[in-house]
Amino acid sequence: MKICTGIAPVNIAVIKYWGKKDEKLILPMNDSISGTLSTDEMHAKTSVALSPDFTEDKLWLNGKEVSIHQPRVAVCLSELRKLAQQKKSGGDMVHWKMHICSENNFPTAAGLASSAAGYSCLVFTIAHALGLDSSQVSHIARQGSGSACRSMFGGFVRWRALPSELEGKQSDGEESEDLRRKQSEASNAEQIISEAYWGSMRVIILVVNDQAKSTSSTDGMQRTTLTSTLYTHRVHTVVPERCERMETALNEKDFATFAQLTMQDSNQFHACCLDTYPPIVYMNDTSHAVVRFVHEFNTVAGGTKVAYTFDAGPNACLYLLEDSVPLLLSTLVQYFPASSEISVPYVRGLKYSTTPSPLQLP
Ligand code: DP6
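Being a predicted model, the structure only gives us computed values, none of them experimental.

A word on the environment of leucine 274. On the secondary structure map, leucine 274 appears in helix 7 (residues 255-275). The exposure class of leucine 274 is partly exposed, given the 15 C-beta atoms found within 10 Å. For the pair formed by leucine 274 and glycine 118, sequence separation is 156 residues and the distance between their alpha carbons is 28 Å. When sequence neighbours within four positions are dropped, the list of residues in contact with leucine 274 reads Pro279 and Val281.

And the structure:
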């Protein structure tokens with residue numbers, strides 16, 4: 001028997017992924033960029049046991065046995081086994097059944113990137129158990145949950161959409177299968193900025209509500225691609241240029257530009273959700289109060305010191321530099337008294353804190 005345990009981090013997008021060209025392969029409509037948090041606080045943990053004596057694959061999520069036949073889990077397992085066979089890695093273990101236990105140490109499905117951490121951890125741990133190079137399997141994590149491919153790397157990470165020369169061109173039979181494989185392998189994530197390069201970057205997560213969201217990302221983005229005209233403009237005109245400007249801002253450690261692009265991208269993503277029909281509303285009154293707070297803070301501080309971004313939920317992620325943390329936190333607790341419980345564990349790479357209880361408006 002072989003047993004491996006892995007831990008994987010959450011990532012928070014600064015240029016958002018929203019919408020797929022291919023639902024099955026999870027090929028995104030646009031490139032996206034995110035920061036990967038340290039694993040010290042929020043993380044997924046997966047243990048996998050492989051044994052010649054197991055008669056079937058099994059999966060436990062947060063302590064409860066769930067079906068291993070969910071399509072996204074099944075595809076990750078079969079792709080990893082296929083790759084191990086191709087690379088002649090893992091020996092007989094490729095044919096052994098697996099028992100997998102996975103858990104998140106933070107709320108699941110609340111828009112806090114739980115599926116990103118979960119699938120990246122599952123793929124990372126199994127790849128490791130089968131002797132595969134985990135830096136070469138982000139395209140497999142992507143097939144579990146799109147954003148999971150970005151959690152396979154630290155620092156700032158860019159997930160690239162399919163190059164145009166590989167788009168379309170569907171045909172039948174072997175040729176088509178070969179194209180699908182090439183398409184799948186071509187859309188993967190890569191680190192663009194290491195954790196150490198901009199070591200003073202911090203992330204603070206304000207938990208406004210830790211309940212599961214009412215519209216899943218998968219369903220929400222499907223509806224947006226079908227109904228939002230603003231989204232068409234976003235994907236074709238705005239995001240390609242914004243990704244380039246974001247990479248430049250990161251390379252130049254230009255916080256003001258980084259922050260402005262981050263906030264604009266979050267706002268446009270939520271505008272697309274509102275432009276979806278029927279509309280999708282992820283942010284609530286407290287989220288909007290945090291937006292107002294950040295803009296007021298930046299005005300009073302005499303420059304852009306903090307950026308907010310919101311994923312598919314009401315919780316705010318604030319990006320800021322280390323020297324702004326004390327002033328931000330002391331001002332925040334005056335505006336949102338319940339946030340006085342915020343703790344700031346200083347950890348490696350991108351650092352963050354979480355509020356244990358939902359923020360309340362005064
Ligand atoms: C708003 O990766 O959860 O967080 O690929 O359908 O599993 P699926 O979606 P998922 O979507 C994340 C959307 C987002 C933006 C982002 O992380 O880029």
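Now that the structure has been shown, we can carry on.
With mixed pairing, the 5 strands of this open sheet are ordered in space as 1-6-9-7-8. Strand pairing shows two members of the sheet lacking a second neighbour, strand 1 (2-9) and strand 8 (64-66), which therefore form its edges. With direction set aside, neighbouring strand axes in the sheet form an average angle of 20°. Note: strand 7 (residues 58-61) against strand 9 (residues 97-104), 4 bridges, orientation parallel. In the strand pairing of strand 9, lysine 58 is matched with histidine 99. Packed on one face of the sheet, helix 2 (residues 114-129) meets strand 1, strand 6 (43-51) and strand 9 and runs near 145° to strand 1.

This part takes up the site of the ligand. Inspection of the region around the ligand gives 15 residues, with Ala13, Tyr17, Ser145, Gly146 and Ser147 positioned closest. Its residues assigned to classes, the shell around the ligand comprises 6 nonpolar, 7 polar and 2 charged.

This paragraph deals with the pairing of strand 5 (residues 32-36). In terms of residue burial, strand 5 counts as a mostly covered element, since 5 of its 5 residues are buried. By the alternation rule, side chains of strand 5 split into Ser32, Ser34 and Thr36 and Ile33 and Gly35, which are all buried. Across 4 bridges, the pairing between strand 2 (residues 11-15) and strand 5 is antiparallel. Bridged to alanine 13 within strand 5 is serine 34. One ladder, built from 4 bridges, connects strand 5 with strand 10 (residues 156-159); its direction is antiparallel. Following the sheet pairing, glycine 35 is matched in strand 10 by phenylalanine 156.

About the criteria used
- Residues numbered from 1 in each chain as written.
- Predicted model: local features only at pLDDT ≥ 70, side-chain atom pairs only at ≥ 80, totals over all residues.
- Helix = DSSP H or I, 4+ residues; strand = E, 2+ residues; numbered from the N terminus.
- Buried ≥ 20, exposed ≤ 12 C-beta atoms within 10 Å, placed from the backbone.
- Contact = placed C-beta atoms within 7 Å.
- Pairing = 2+ DSSP bridges.
- Axes fitted to C-alpha atoms, helices over the stretch in contact; angles between N-to-C directions.
- Near = placed C-beta within 6 Å.
- Nonpolar A, V, L, I, M, F, W, Y, C, P; charged D, E, K, R; others polar.

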